[in-house]
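The chain contents come next:
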Amino acid sequence: MEELIKLDHELFLFLNNLGNETWDWFWIALSGKFTAVPLYVLLLFLIYKNFGVKGTLITLVLVAGLITCTDQLANVFKDGFERLRPCRQEGVMEHARMLADYCGKYGYFSAHAASSTALAIYIGLILKDVYRKIIYFMIFWAILVSYSRIYVGVHYPGDVITGIVIGSFLGWIFYKLQHFLIKKYTDVGITEKEVF
């Protein structure tokens, strides 16, 4: 375990120090909460267009549940593992580029990585039959958001990878739930492929 932690620290410092002032604004913005609002508005429009009012309401309730689930699960892990963030870890913080305005105490695992990946998988899967390539775009966006957490200095690669794995699983679970609820409570045509 000590070797894995050491490797995680070294990989963090390597990736974090790849950054430069020219691109700092981009990664800081990408890591921000409100940068993706235009994307969310576009996704909401596509969901409404394909699922109608009832389907959109079901989808939005599930999105709220999904984000809450990833966020609260990350908090449970952070309090349980008590792994210091790079910006608070002696021997790491002195050598890193710290760009975040705020740095919490514990960081395992990354809620940003989990939430963005969960949303990417969930939205990508529910819209895949109409927009076949949207899932690739959504996953690319989630990877960028996840990497931004390393770039700004608040998460180790292990925090981010764990968040991506957990987010992927939860996004898939909520996709299954959405498919079931849409079939049960709306008249929206869904492809005949059985997903269960």
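Predicted model only: the values in this text are computed from it and were never measured.

> What is the right way to read the packing of aromatic side chains from this model?
Per the counting criterion, the structure on display carries 13 aromatic pairs. Ring centres of Trp25 and Phe26 lie 5.9 Å apart, and the angle between their planes is 80°; this geometry places the pair in the edge-to-face category. By relative accessible area, which is 57% here, Trp25 ends up exposed. A residue is classified by how much of its surface remains accessible, and Phe26, at 26% relative accessible area, is partly exposed. Aromatic side chains Trp27 and Tyr151 sit 5.5 Å apart centroid to centroid with 25° between the ring planes, which places their arrangement in the stacked category. Remark: Tyr151 occurs in helix α5 (residues 134-151) and Trp27 occurs in helix α2 (residues 21-31); sequence separation between them is 124 residues. On the basis of relative accessible area, Trp27 is assigned to the buried category, the value being 12%. Ring pairs connect the aromatic residues Trp23, Trp25, Phe26, Trp27, Tyr147 and Tyr151, which therefore count as one cluster.

> Sorry, what's going on with the environment of Tyr185 here?
Along the chain, Tyr185 turns up in helix α6 (residues 157-185). Measuring from C-alpha to C-alpha, the distance between Tyr185 and Gly158 comes to 40 Å, with 27 residues separating the pair along the chain. In this structure Tyr185 touches Lys54 and Ile58, once residues within four positions along its chain are discounted.

> Before we go on, may I ask you to explain helix α3 (residues 37-81) in this structure?
Residues spaced three or four apart along an α-helix point in a common direction, a consequence of the helix completing one turn every 3.6 residues. The first and last C-alpha atoms of α3 sit only 32 Å apart over 45 residues, clearly below the 66 Å expected at 1.5 Å per residue. The largest bend in α3 amounts to roughly 125° and is located at Gly52. Positive phi appears at Glu82, one or two residues downstream of α3, with a value of about 50°.

Thresholds, definitions, all that
Residues numbered from 1 in each chain as written. Predicted model: local features only at pLDDT ≥ 70, side-chain atom pairs only at ≥ 80, totals over all residues. Heavy atoms only, no water. Phe/Tyr/Trp six-rings, centres within 6.5 Å; stacked < 30°, edge-to-face > 60°. Buried < 20%, exposed > 50% of the residue type's maximum accessible area, 1.4 Å probe, protein only. Helix = DSSP H or I, 4+ residues; strand = E, 2+ residues; numbered from the N terminus. Contact = heavy atoms within 4.5 Å. Expected span 1.5 Å × (residues − 1). Bend = angle between axes of the 7 residues up to and from the residue.

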